[in-house]
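Residues per chain are reported as follows:
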Amino acid sequence: MRYSNYFIPTLKETPAEAEIVSHRLMLRAGLIRKLASGIYTYLPAGLKSLKKVENIIREEMNRSGAIEILMPAVQPSELWEESGRWDYYGRELFRFKDRHNRDSCLGPTHEEVITDLVRREIHSYKQMPVNLYQIQNKFRDEIRPRFGIMRCREFLMKDAYSFDADEAGADRSYEIMFKTYNNIFRRCGLKFKAAEADTGSIGGSFSHEFMVLADTGEDYIVSCLNCDHAANLEKAEVRRTDDEAGSVNEKEMGPLEEVETPDMKSVEKVTAFLSISPDQLVKTLILKANEEVVAALIRGDHELNEIKLKNMLGAEQLELADPQLVAEATGAPIGFAGPHGLTMKIIADYAIKGMKDFVTGGNKKDLHLRNVNTERDFHVDTFGDLRVAMPGDSCPRCGGEIRFGKGIEVGHVFKLGTKYSETMGAVFLDKHGKEKPIVMGCYGIGVGRTVAAAIEQNHDKDGIIFPITIAPFEVVILPLQMNEKEVIDAAENIYREMSEKGLDILLDDRDLRAGFKFKDADLLGTPLRITIGTRHLKNGQIEMKARSEEESTLISLQDAPALIMEKVDKLHDSTK
RNA sequence: CGGGGCGUGGCGCAGUCUGGAAGCGCACCUGCUUUGGGAGCAGGAUGUCGGAGGUUCAAAUCCUCUCGCCCCGACCA
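## Here we look at the overall build of chain A
Inference 1: Of regular secondary structure, chain A possesses 16 helices and 31 strands.
Inference 2: With respect to the three principal axes, the spread of C-alpha positions in chain A is 95 × 65 × 50 Å.
Inference 3: Each of the 576 residues in chain A was classed as buried or not, and the buried ones make up 53%.
Inference 4: For chain A, the proportion of contacts with a sequence separation of at least 24, taken over those separated by at least 6, is 70%.
Inference 5: Carbon and sulfur atoms provide 48% of the accessible area of chain A, an area that totals close to 26700 Å².
Inference 6: Here chain A contributes 77 positively and 93 negatively charged side chains, and the mean placements of these two sets differ by 4 Å.

Listed below in structure tokens is the structure:
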């Protein structure tokens, strides 16, 4: 491609709206432009990068045996009402009415459409397993779009859906996708982790998120330094320790006593006043799960993980009770709730189990209780893993040291089970002629987000450092003196010869100063730069420099094609 | 939806408090010089000051309403 005939509008200054590095660089390098909040145009170079990711995905999906289809973005409300998600998905669904006043929406995901297709077409175990995927724009009316291409309202996504006759088959399909995703992200040149995750509004029995490790990520992940376990913080299990197991001998317990704690509503204030440490206090949180009021007990220095509680209760909605409800339920204002004397269901974190003579609220204004003990003073309905994992905890699998980090979710694989096939009646006949629901899985990849994540992970002060597999161009040629015939000829020859060998090359044939071309080349992040200038050309030499390396090397004009090819191959090898 | 901030030439901003000729840098156009890390000089073009209404002799500036964008939070593959 000749720069003079192409369109890469770079910016010297950063637009004020861009906060994170990938957003800034994508705007500055002329890859994207915004149309409205969370709605972006891909400019030519941005689109090339997007297409390269798309092609890697397509190749690996096809290799795994998955089959490409294309479903409509416009979907009728009936299907969503059938699955129950017309209401459940909520405000995030872009809805509209057509001219006949029929309710419709723009697809944020395609479980309903694919399940509808499959229930019409698949009737026998002989037709499975099958995995159908598409690469298509998705629409989600995000509460708050942000970070440029990272969280948008319209975005390109690869979504795949697997269909199996039984659980074992579904597990195999999941496993194949898991491996395929590893191949895809490795080929994109990313450093990533597969983390255990919550299934959220997609539902299903288990899932993994593919997280690109980056400080600007929106998710927290916990990973083990010893084994390959990793999990999203909202899912991360807490390893139970031995002292949580033991029961406490009643004879050793101190007598329950009331203590005045005027206006002390926080853990800090109460513990400071009573000269105890936070792990000797138990917080009592009042929550509303669907319509039921429940109490959750958490040690003072721990934090409730609402998702764990939500899953344990099997609740669709869970929220902290408002002050009025807390007063009704406990008889005291917020800050003085305690389990003693409560009538509602009480759920306690495992850490409570081994505690003895702890402090709780007294269910009365300005009152706390000392020497509280489970069983003697109140009954716990269920113990469970309810708290957020924190530094100092150990790996739930191997007990190793765990590390906290941030990540960008670029892919998500779910084992759906029969959630959709049952509600939507996607059934088949097995070997014995018995009717069964199809066992499903679904697998998404954010294509644009993958490009943004790659930039988050690969950049420096001068611009992007694209992995060669997803760079808009593999090589950029900079002829520095556009008024010198020799320079132009050399550039044109290399350009022609390398293009014929199939390389993706940008020839910067603009009549600009050298500095300008260098700056633009660094910004766009093309992995390999060939500089041709009078300075070295008079010795028959040109300059070759990898964007990711500090040093450039002089090579002879004659050897250039072979050496460039060799270097390009080497850069590609690093993603294999 | 709650909190905070911002809308002035293509981009980045000053001017708004305290009303009185719309400015600066970059980009753009012309000419000359320059030419290996975002050139210099000279000249030039470019504005519904987000929009509507109001106050005033006079509004980018004050008042009311409204639209859009960004950040934090709640929410969310």
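## Some thoughts on a negative patch on the surface
Inference 1: Together, E291, E319, D322 and E328 give the surface a local cluster of negative charge.
Inference 2: Note on placement: E291 falls in the loop between strand 14 (282-289) and strand 15 (292-299).

## Quick notes on the pairing of strand 7 (residues 130-139)
Inference 1: Counting buried residues in strand 7 gives 9 out of 10 residues, a clear majority hidden from the surface.
Inference 2: Two strands pair when backbone bridges link them, and strand 3 (residues 67-68) and strand 7 are joined in this way by 2 bridges, in the parallel orientation. In the strand pairing of strand 7, E68 is matched with Y133.
Inference 3: Bridging between strand 7 and strand 8 (residues 154-164) involves 10 bridges; their strand directions are antiparallel. Across the sheet, F139 pairs through a bridge with E154, a residue of strand 8.

## Things to note about the nonpolar core
Inference 1: Counting 64 residues, the largest nonpolar core has L31, Y181, F185 and F210 as the members making the most contacts within it.
Inference 2: Residues in contact with Y181, not counting those within four places in the same chain, are K158, F210, G411, H412, V413, Y443, G444 and I445.
Inference 3: With 25 residues, the next largest nonpolar core counts L93, I114, V130 and M424 among its residues.

## A short note on helix 13 (residues 485-500)
Inference 1: Between its first and last C-alpha atoms helix 13 spans 22 Å; for 16 residues at 1.5 Å apiece the expected length is 22 Å, and the two agree.
Inference 2: Elements in contact with the buried residues of helix 13: strand 27 (475-479), strand 28 (505-507), strand 29 (528-532), helix 15 (534-537), strand 30 (541-546) and helix 16 (560-573).
Inference 3: Phi turns positive, to about 95°, at G502, one or two residues after helix 13.

## A short note on the packing of helix 1 (residues 21-28) against helix 12 (residues 447-457)
The packing of two helices is summarised by the inter-axis angle and the distance between the axes.
Inference 1: Closest axis-to-axis distance for the helix 1/helix 12 pair is 8 Å, and the angle between their directions is 105°. By the angle between their directions, the pair helix 1 and helix 12 is classed as roughly perpendicular. For the pair helix 1 and helix 12, the contacting residues are V21, S22, L25 and M26 in the first and V451, A452, I455 and E456 in the second.
Inference 2: For the contact of helix 1 with helix 12, the residue count by class is 6 nonpolar, 1 polar and 1 charged.

## Describing helix 5 (residues 111-121)
Inference 1: Burial of helix 5 is extensive: 8 of the 11 residues sit out of reach of the surface.
Inference 2: Every buried residue of helix 5 is accounted for by E111, E112, V113, I114, T115, D116, V118 and R119.

## A short note on the confidence of the model for chain A
Inference 1: The predicted model of chain A has a mean per-residue pLDDT of 91, with 98% of residues at 70 or higher.
Inference 2: Reported confidences for the modelled complex are a pTM of 0.90 and an ipTM of 0.91.

## Some words on the pairing of strand 11 (residues 219-224)
Inference 1: Taking burial as the measure, the 6 residues of strand 11 include 5 buried ones, the bulk of the element.
Inference 2: Strand direction decides the pairing type here: strand 11 and strand 21 (residues 402-417), joined by 6 bridges, are antiparallel. Bridging across to strand 21, S223 finds its partner in R403.
Inference 3: Examined bridge by bridge, strand 11 and strand 12 (residues 230-232) share 3 bridges and lie antiparallel to one another.

## Re the domain arrangement of chain A
Inference 1: Domain parsing of chain A yields domain 1 (3-237 + 403-456), domain 2 (242-384) and domain 3 (473-573).
Inference 2: Relative placement of domain 1 and domain 2: their C-alpha centres are 39 Å apart.
Inference 3: Both faces considered, domain 1 and domain 2 share a buried interface measuring about 440 Å² in area, 43% of it formed by carbon and sulfur atoms.
Inference 4: Three residues, Y88, D198 and E234, lead the burial of domain 1 against domain 2; their summed loss comes to 75% of the area buried on that side.
Inference 5: Taken together, the links from domain 1 to domain 2 amount to 3 residue pairs in polar contact (both at pLDDT 80 or more).

## Overview of the layout of surface pockets
Space left empty within the atom packing is revealed by a probe, the size of a water molecule, rolled over the atoms.
Inference 1: Each pocket or cavity is described by its volume, and for the second largest pocket that value is around 340 Å³.
Inference 2: Taken together, 20 residues form the lining of the second largest pocket, with K265, T284, L285, I334 and G335 sitting closest to its centre.
Inference 3: Looking at the lining of the second largest pocket, the elements that each hand over two or more residues are helix 7 (267-274), strand 14 and strand 18 (358-361).
Inference 4: At 5 residues, strand 14 tops the list of elements feeding residues into the lining of the second largest pocket.
Inference 5: Residue composition of the lining of the second largest pocket, grouped by class: 12 nonpolar, 6 polar and 2 charged.

## Some words on the pattern of salt bridges
Inference 1: Here the structure, examined in full by the defined rule, presents 42 salt bridges.
Inference 2: D357 is paired through a salt bridge with K356; the nearest N and O atoms lie 3.7 Å apart.
Inference 3: Judged by relative accessible area, which is 38%, K356 ranks as partly exposed.
Inference 4: A single network of salt bridges, built from pairs that share partners, joins K51, E54, R58 and E68.

Each value, and the rule that gives it
Residues numbered from 1 in each chain as written. Chains lettered and ligands numbered in written order. Predicted model: local features only at pLDDT ≥ 70, side-chain atom pairs only at ≥ 80, totals over all residues. Heavy atoms only, no water. Helix = DSSP H or I, 4+ residues; strand = E, 2+ residues; numbered from the N terminus. Buried < 20%, exposed > 50% of the residue type's maximum accessible area, 1.4 Å probe, protein only. Contact = heavy atoms within 4.5 Å. Areas by Shrake-Rupley, 256 points an atom, 1.4 Å probe, with all protein chains shown as cover. Lys, Arg positive; Asp, Glu negative; His and termini not counted. Charge placed at Lys NZ, Arg CZ, Asp CG, Glu CD. Patch = residues over 30% accessible without salt bridge, like charges linked within 9 Å, V, L, I, M, F, W, Y side chains within 5 Å. Salt bridge = Lys/Arg side-chain N within 4 Å of Asp/Glu carboxyl O. Pairing = 2+ DSSP bridges. Core = buried A, V, L, I, M, F, W, Y, C linked by side-chain atoms within 4.5 Å. Expected span 1.5 Å × (residues − 1). Axes fitted to C-alpha atoms, helices over the stretch in contact; angles between N-to-C directions. Parallel < 35°, antiparallel > 145°, perpendicular 65-115°, else oblique. Nonpolar A, V, L, I, M, F, W, Y, C, P; charged D, E, K, R; others polar. pLDDT = per-residue confidence, 0-100. Domains from an automatic or database assignment. Buried area = accessible area lost by both parts, 1.4 Å probe. Polar contact = N/O pair within 3.5 Å; in protein donor to acceptor, adjacent residues only side chain to side chain. 1 Å grid on protein atoms, 1.4 Å probe; cavity = no way out; pocket = protein on both sides within 12 Å on 5 of 7 lines; lining within 4 Å. Points joined across faces, edges and corners; volume = space filled by probe spheres on them.

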